[in-house]
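Chain residues, written in single-letter form:
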Amino acid sequence: MNAFKCSSKWVCIQLLTLLFVSLFSVNSFAHKLAPSLLQIDELDNSHFSVIWRTPIDAAVSPRPVLPENCRDAEARLVQVSTAIERRWTTRCEGGLSGKTLRIELLAASRTVAMLLYQPLNGKLQRDILTADHSDFVVPDEFAGASVLTQYIRLGISHILIGADHLFFVTALLLLAGSWRSLLKTVTAFTLGHSVTLALVSLELVPHWPALVEFSIAVTILILAVELSRTDVEQRKHYIRQHQWLVASVFGLVHGLGFAGVLQEIGLPSGDVVGALFAFNIGIELGQIVFVAIVAGLLYLLQRSSIPIYQHVKSAIILVMGGISVYWCLDRGAEMLGQIM
């Protein structure tokens, strides 16, 4: 296609090499990166109930590490939706006050973990553990934790480690012909995913993770194909002429994916609406930061005296298209396997 016409054989080789490498590395982020959950409830001064939930399809599964003064009872293993959940009780001589709880292998799994700690006499403590912040020191005195802050952080973390969502936002960025068009398109996408995120999280509509993940991959493939068209073809095509409408419809699909994350970790029973709102705000903040960085870099390349912008754009579209095809096949096979 004319959109990928190379100015030299060397440029063509670079683009094909980039595509080849991306397809070989795609397996490391082929599935959704849902957060894990560690919930600890204090039963008395030395006994605690523990719940550890982690995605069933994670290539590398993170694991919790309790203090050395804790002795675990036998765990009960159950499957909850797309996650594996372990439940057990532990006896910690002297309690957990001042002790450190840690999640290992968060960097290798490319995920985050929500930690909930419920003291016997005190307010629920929340924290989000990441590769750079994998420890939680149980405080001696408990203060009320901010649901707003914690779920905003979770939303930001999820959007920034979700390769499929970032690919989609990048496609919207490349599709927009102006800043005004980009603002309208991204706003439409935001409104779309906010609707389904709320409906699923409040259990007003059903959720089928395998179908959702396959559909998200399809939306990325559709935009990659659209971006590969020539300028003349683009001006005549429906997607180019109705970007905001397409973005809002596709946003409904991606909102189902965001809702799956909240289903994995759960919403606080006392503030469901607040946590849902905060999570959505976090997604928007992360999205804004990502769009600003990518748009700024592309603008600098476009204004540069070195004719590299078109080659970078073509490379992005090639990688996006190649990976979305892989996702469609991989996730489609998983969905069919569940049906059959």
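As the structure is a prediction and not an experimental result, all values here were calculated from the model. (Residues numbered from 1 in each chain as written. Predicted model: local features only at pLDDT ≥ 70, side-chain atom pairs only at ≥ 80, totals over all residues. Heavy atoms only, no water.)

K.L.:
I would appreciate a short explanation of the pattern of salt bridges in the present structure.
P.N.:
When the charged atoms of two side chains lie near each other, side chains of opposite charge can form a pair. The full count for this structure, using the stated rule, is 9 salt bridges. Its salt-bridge partner being glutamate 226, residue arginine 229 comes within 3.0 Å of it at the nearest N-O pair. For arginine 229, a relative accessible area of 24% gives the class partly exposed. Through salt bridges with shared partners, one network takes in Arg53, Glu85 and Arg87. (Salt bridge = Lys/Arg side-chain N within 4 Å of Asp/Glu carboxyl O. Buried < 20%, exposed > 50% of the residue type's maximum accessible area, 1.4 Å probe, protein only.)

K.L.:
Looking at this model, I keep getting lost on a nonpolar patch on the surface. Mind explaining?
P.N.:
Taken together, Trp208, Leu211, Leu336, Ile339 and Met340 make up a surface patch of nonpolar side chains, about 560 Å² in accessible area. With respect to the helices and strands, leucine 211 occurs in helix H6 (residues 209–227). The exposure class of leucine 211 is partly exposed, given its relative accessible area of 35%. (Patch = residues over 30% accessible without salt bridge, like charges linked within 9 Å, V, L, I, M, F, W, Y side chains within 5 Å. Areas by Shrake-Rupley, 256 points an atom, 1.4 Å probe, with all protein chains shown as cover. Helix = DSSP H or I, 4+ residues; strand = E, 2+ residues; numbered from the N terminus.)

K.L.:
I tried to follow the pairing of strand E8 (residues 113–118) on my own but got confused; where do I start?
P.N.:
Of all 6 residues making up E8, 5 are buried, and the element is well covered by its neighbours. Here strand E1 (residues 36–42) runs beside E8; their pairing, made up of 6 bridges, is parallel. Its bridge partner being in E8, glutamine 39 is matched across the sheet by leucine 116. Where E8 and strand E9 (residues 125–129) come together, 5 bridges link them in antiparallel fashion. Bridged to leucine 115 within E9 is aspartate 127. (Pairing = 2+ DSSP bridges.)

K.L.:
Help me out: how do you make sense of the nonpolar core in this one?
P.N.:
The nonpolar side chains of a soluble globular protein tend to be buried, and buried together. One finds Tyr151, Leu197, Leu223 and Phe279 to be the most contacted residues of the largest nonpolar core, which totals 60 residues. Secondary-structure elements contributing two or more residues to this core are E8, helix H3 (147–161), helix H4 (163–175), helix H5 (179–201), H6, helix H9 (243–265), helix H10 (272–303) and helix H11 (309–339). For leucine 197, the contacting residues outside a window of four places in its chain are Gly255, Phe258, Ala259, Leu262, Leu276, Phe279, Asn280 and Ile283. Counting 19 residues, the second-largest nonpolar core is a separate cluster that includes Ile40, Leu66, Cys92 and Ala113. (Core = buried A, V, L, I, M, F, W, Y, C linked by side-chain atoms within 4.5 Å. Contact = heavy atoms within 4.5 Å.)

K.L.:
Can you help me understand H6 in this one?
P.N.:
Count 3.6 residues to each turn of an α-helix, and residues three or four apart come out pointing the same way. Between the first and last C-alpha of H6 there are 27 Å, a value that for 19 residues agrees with the 27 Å anticipated at 1.5 Å per step. Restricting attention to buried positions, one finds in H6 the residues Pro209, Ala210, Val212, Glu213, Ile216, Ala217, Thr219, Ile220, Leu223, Ala224, Glu226 and Leu227. (Expected span 1.5 Å × (residues − 1).)

K.L.:
Explanation requested: the side chain of glutamate 85 in the structure shown.
P.N.:
Along the polypeptide, glutamate 85 turns up in strand E6 (residues 83–92). In this structure the side chain of glutamate 85 is engaged in a polar contact, spanning 2.8 Å, whose partner is the side chain of arginine 53. Beyond its immediate chain neighbours, meaning those up to four positions away, glutamate 85 contacts Ile51, Trp52, Arg53, Arg76, Leu77, Val78 and Val80. (Polar contact = N/O pair within 3.5 Å; in protein donor to acceptor, adjacent residues only side chain to side chain.)

K.L.:
What is the right way to look at the sheet that holds strand E10 (residues 135–137) in this model?
P.N.:
Sheets are built from strands that pair by backbone hydrogen bonding, the pairs being arranged parallel or antiparallel. Read across the open sheet, the 3 strands follow the order E3-E7-E10; overall the sheet is antiparallel. The sheet is open, and its two edges are formed by strand E3 (63–65) and E10, each paired on a single side. Each adjacent strand pair in this sheet contributes to an overall mean axis angle of 20 degrees, direction not counted. Pairing geometry for E3 and strand E7 (residues 100–104), over 3 bridges, is antiparallel. Looking at E7, one finds that valine 65 is bridged to arginine 102. (Axes fitted to C-alpha atoms, helices over the stretch in contact; angles between N-to-C directions.)

K.L.:
Where do I start with the pairing of E9 in this structure?
P.N.:
Here is the key point about a regular strand: its side chains alternate between the two faces of the sheet. Counting buried residues in E9 gives 5 out of 5 residues, a clear majority hidden from the surface. Judged by which residues are buried, E9 turns out to be covered on both faces: Gln125, Asp127 and Leu129 on one side and Arg126 and Ile128 on the other are all buried. The antiparallel pairing of E8 with E9 creates a hairpin that spans 6 residues between the two strands.

K.L.:
Would you take a moment to explain unusual backbone geometry for this structure?
P.N.:
Note: most peptide bonds trans; most residues except glycine with negative phi. Positive phi is not limited to glycine here, since leucine 105 has a value of about 70 degrees. Mapped onto the elements, leucine 105 comes out in the loop between E7 and helix H2 (106–109). Note on leucine 105: relative accessible area 36%, which makes it partly exposed. Despite not being glycine, glutamate 203 has its phi angle at roughly 60 degrees, a positive value. As for its placement among the helices and strands, glutamate 203 is situated in the loop between H5 and H6. You can call glutamate 203 exposed: its relative accessible area is 71%.

K.L.:
Teacher, can you tell me more about the environment of isoleucine 288 here?
P.N.:
With respect to the helices and strands, the residue isoleucine 288 is situated in helix H10. The sequence separation of isoleucine 288 and valine 186 amounts to 102 residues, and the corresponding C-alpha distance is 9.3 Å.

K.L.:
Looking at this structure, how should I read the packing of aromatic side chains?
P.N.:
Within a pair of aromatic rings, the relevant descriptors are the distance that separates the centres and the angle that separates the planes. In this structure the tally under the stated criterion is 3 aromatic pairs. Ring centres 4.9 Å apart and planes at 40 degrees place the aromatic pair phenylalanine 168 and phenylalanine 189 in the tilted group. Note that phenylalanine 168 is positioned in helix H4 and phenylalanine 189 in helix H5, a separation of 21 residues in sequence. The class of phenylalanine 168 is buried, set by a relative accessible area of 0%. Geometry around tryptophan 88 places arginine 86 over its ring, the cationic atom sitting 4.4 Å from the centre. The lysine or arginine in question, arginine 331, covers the ring of tryptophan 327, its NZ or CZ lying 4.8 Å from the ring centre. (Phe/Tyr/Trp six-rings, centres within 6.5 Å; stacked < 30°, edge-to-face > 60°. Lys NZ or Arg CZ within 6 Å of the ring centre and 35° of its normal.)

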